[in-house]
Amino acid sequence: MTEITKDLYQFSINLPFMDFTLHQYLLVCENPVLISTGTINQAEKILPEIKKILNGKELKYIIFPHFESDECGGLPVFQREYPNVTTICSQLSARELPGFGYKGKIETKKQGDSLVDDGFSFKFIDYPSEVHLQNGIVFYEETRKIFFSSDLMLRFGNASGQVINNSWKDEVESISIETIPDENKLDTLKRNLLTLEPSFIAVGHGYCVNCNLNK
């Protein structure tokens, strides 16, 4: 566990056989937010650390970008501990969750939607990450200028607690057709992302990115 940037804690696991690192994040503010849960095993491992950081405060929201085990597999773990938590996800993910037995509160978001509460303001961007290129979501915390990139800005390596420097423009332009295998959807996503001005990219996998030095 690392405070990777102000108010944002990173929880990581490295998979040596893949040379690959997976991250979850806790935004500590008046109404705390968990970004991605990890798998059930990961969730059980990081829950005690999260409880220690929150120091008796309730977890208010869980946001995840797309329906995959490392993004939302641990939802039941957190919902048992925090039964009033609200899960924020795409419309497709919201349709899938009940089929896997999830009974917690769910709120859907799409392109242009926002989530504003004491201490944060999230803006949501459609991200064609789901099955058959249907939309998941990525999101931008406007108060702190943190972009949560899910799988878009992915690098291999043991990146727990590690930050590199690069420009936002270069990071967006590096998103390839292999990541979004539809030229129109890829172009639309890039145009939407370039309207943002983040200072920090909290990646789902790999090295976080400080954009302040490379505008």
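The structure under discussion appears in the preceding block.
Presented here is a report on the structure given in the accompanying data block. Here the residue numbering is sequential within each chain, running from 1 through the sequence in written order. Local features in this predicted model are restricted to residues of pLDDT 70 or higher, and side-chain atom pairs are both shown and tallied only at a pLDDT of 80 or more, whereas totals for entire chains, interfaces and linings draw on every residue. Computation of side-chain values: all heavy atoms of the structure, hydrogens and water removed.

### Some points on the overall build of the protein
- By the criteria applied, helices consist of DSSP H or I runs no shorter than four residues and strands consist of E runs no shorter than two, each listed in order from the N terminus. The number of helices and strands found in the protein is six helices and 14 strands.
- Only the C-alpha atoms count toward the radius of gyration. The rule for a globule is 2.2 Å times the residue count to the power 0.38. Computed over its C-alpha atoms, the radius of gyration of the protein comes to 16 Å, within 12% of the 17 Å expected for a compact globule of 215 residues.
- Seen through its principal axes, the protein has C-alpha atoms that stretch 40 × 40 × 35 Å.
- Every one of the 215 residues in the protein was classed for burial, and the buried ones make up 51%.
- Once local pairs closer than 6 in sequence are excluded, the contacts in the protein between residues at least 24 apart make up 61%.
- Using the Shrake-Rupley algorithm and a 1.4 Å probe, accessible areas are obtained, with residue cover drawn only from the displayed protein chains. Of the roughly 9,900 Å² of accessible surface on the protein, a fraction of 48% belongs to carbon and sulfur atoms. Burial here depends on accessible area, computed with a 1.4 Å probe over protein chains only, as a share of the maximum for the residue type. Under 20% is buried, over 50% is exposed, and the range in between is partly exposed. Whether two residues are in contact is decided by their heavy atoms, any of which lying within 4.5 Å being enough.

### Observations regarding the sheet that holds strand E13 (residues 200-202)
- For two strands to pair, DSSP has to find at least two bridges joining them. Here seven strands make up an open sheet; going across it, the order is E8-E9-E10-E11-E13-E14-E12 and the pairing mixed. Pairing within the sheet leaves two strands with one partner each, and these edge strands are strand E8 (114-117) and strand E12 (163-165). Between one strand axis and the next, the sheet turns through 20° on average, direction left out of account.
- One ladder, built from three bridges, connects strand E11 (residues 146-148) with E13; its direction is parallel. The partner of Phe-147 across the bridge, within E13, is Ile-201.
- Angles shown run from 0 to 180 degrees and are taken between the N-to-C directions of axes, each axis being a line fitted to C-alpha atoms and, for helices, limited to the stretch in contact. Strands strand E9 (120-127) and E11 of the sheet are contacted by helix H6 (residues 183-193), whose axis makes an angle of about 160° with E9.

### Remarks on the nonpolar core
- Ranked by size, the top nonpolar core spans 40 residues in total, and within it Phe-122, Phe-147, Leu-152 and Leu-193 carry the most contacts.
- With five residues, E9 is the largest single contributor of residues to this core.
- Apart from the residues lying within four places of it in its own chain, the contact partners of Phe-122 are Leu-27, Val-33, Ile-63, Asp-113, Ser-114, Leu-115, Phe-139, Tyr-140, Glu-141 and Phe-148.
- By size, the runner-up hydrophobic cluster in this structure holds 22 residues, among which are Leu-34, Leu-47, Ile-62 and Cys-72. Take the buried residues of types Ala, Val, Leu, Ile, Met, Phe, Trp, Tyr and Cys, join any two whose side-chain atoms come within 4.5 Å, and each joined set is a nonpolar core.

### Comments concerning the sheet that holds strand E7 (residues 105-108)
- Strand order in the open sheet formed by seven strands is E1-E2-E3-E4-E5-E6-E7, and the pairing between neighbours is mixed. Whereas interior strands pair on both sides, the edge strands pair on one side only; in this sheet they are strand E1 (2-5) and E7. With direction set aside, neighbouring strand axes in the sheet form an average angle of 30°.
- By the bridge criterion, three bridges tie strand E5 (residues 61-63) to strand E6 (residues 86-89) in an arrangement that is parallel. The residue bridging Ile-62 from the neighbouring strand is Thr-87, located in E6.

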